[in-house]
Amino acid sequence: MISRCYLEITNVCNLDCLFCPKTKRKGRSLSMDEFDRLTDSLRGEVKFLYFHLMGEPLMHRHLKDFLVMAREKGFVPVLTTNGTLIDRRGEELLESGLHKIQISLHSHEGNGKEHPEEYVGHIMQYALRAARLGTIVVLRLWNQGGLDSANEYLQKLMEQYVPRPWTERYDGWKLTENIYLEYDGVFEWPDAEREEYGAEEVFCYALRNQIGVLVDGTVVPCCLDHDGDIALGNLFEQSLTEILVSSRAKALYEGFSRHIATEPLCRRCGYATVAKRFRKT
């Protein structure tokens, strides 16, 4: 079983973050029937269903229905959001069986926004309610070494809702039960038009513990393939098993086993090659 699948329920977003590569694909959102069909294909093959790839999931009108359906089919649902719609859409998620919500706080500064007090206030109030109901809340500041000038002020705003002391962790802080603040550095998304990094060794967990499914059903090896450059097949036309045993998928998997990137896009991925986020295995 693959640990996680990043399922793109929409590739439409309400922000224009400087750090986001965007997508050249036409804007599209899954229908209820399409979501049902895709999750039927993934059922029993994937444990964690991440509502994330491109797009802002809180913009989808059927999001609550999707989360409930995912739970009923045995998935553990996880949501990633920029948090700007949490005051309007957050409440309906609290009874949906959401396991974890990841909120990218760095999206605020990534859009040149000022005065984050209201933004952080909505998020922290929601985080406290969600945490009391057992949902894990991860507040992300994945902007170390980049657009991080407001981080200290953001933390002071958080302290108004969850006073220190916080518990230090390897990747940030535990603010209180079920609420975490997570740091990570900026990285360059894979870009087919960029020159290869020339890394001697590359390793990635793509197809080992993660896959991505774009809004049109295209299966990609990871959540960073934002334009479907490594299209392995389509879940509306094939089973996941058929896709994963294809020659292209097997070559990619076996290549990483030898710490070699067989796909040109992977050789242009700053996350795996430059930042070297993945421990060799």
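Our subject is the structure listed above.
None of these values were measured; they are calculated from a predicted model.

### Observations concerning helix α8 (residues 247–257)
Of all the residues in α8, the buried ones are Ala249, Leu252, Gly255 and Phe256. Seen along its axis, α8 keeps its buried residues to an arc of 130°; they face one direction. Of the surrounding secondary structure, the elements contacted by the buried residues of α8 are α7 (240–244). Immediately beyond the C-terminal end of α8, within one or two residues, lies His259, with a positive phi of roughly 60°.

### Examining the nonpolar core
Note that soluble globular proteins tend to have their nonpolar side chains buried in a common cluster. Core analysis: the largest hydrophobic core is formed by 83 residues, its most contacted members being Phe35, Phe51, Leu139, Met158 and Leu175. Among the elements that take part in this core, helix α5 (residues 117–132) stands out by supplying eight residues, more than any other. Sequence-distant contacts of Leu175, defined by excluding residues within four places in its chain, comprise Met124, Leu139, Met158, Val162, Trp166, Tyr180 and Leu181.

### Some points on the packing of aromatic side chains
Each aromatic ring pair is summarised here by two numbers: the centre-to-centre distance and the angle between the ring planes. Applying the stated criterion across every chain, the model contains seven aromatic pairs. A network of ring pairs unites the aromatic residues Phe35, Phe51 and Phe66 as a single cluster. A cation over an aromatic ring shows up here: Arg208 above the ring of Tyr253, its NZ or CZ 4.1 Å from the ring centre.

### Concerning the sheet that holds strand β8 (residues 179–185)
The strand order across the open sheet formed by eleven strands is β6-β7-β8-β5-β4-β3-β2-β1-β9-β10-β11, and the pairing between neighbours is mixed. On the outer flanks of this sheet lie β6 (167–169) and β11 (233–234), each paired with one strand and no other. Alignment of strand β4 (residues 100–104) against strand β5 (residues 136–144), held across five bridges, turns out to be parallel. Each bridged residue has a counterpart across the sheet, and for Gln102 the counterpart in β5 is Val138.

Quick notes on the rules
Residues numbered from 1 in each chain as written. Predicted model: local features only at pLDDT ≥ 70, side-chain atom pairs only at ≥ 80, totals over all residues. Heavy atoms only, no water. Buried < 20%, exposed > 50% of the residue type's maximum accessible area, 1.4 Å probe, protein only. Helix = DSSP H or I, 4+ residues; strand = E, 2+ residues; numbered from the N terminus. Arc of directions from axis to C-beta. Contact = heavy atoms within 4.5 Å. Core = buried A, V, L, I, M, F, W, Y, C linked by side-chain atoms within 4.5 Å. Phe/Tyr/Trp six-rings, centres within 6.5 Å; stacked < 30°, edge-to-face > 60°. Lys NZ or Arg CZ within 6 Å of the ring centre and 35° of its normal. Pairing = 2+ DSSP bridges.

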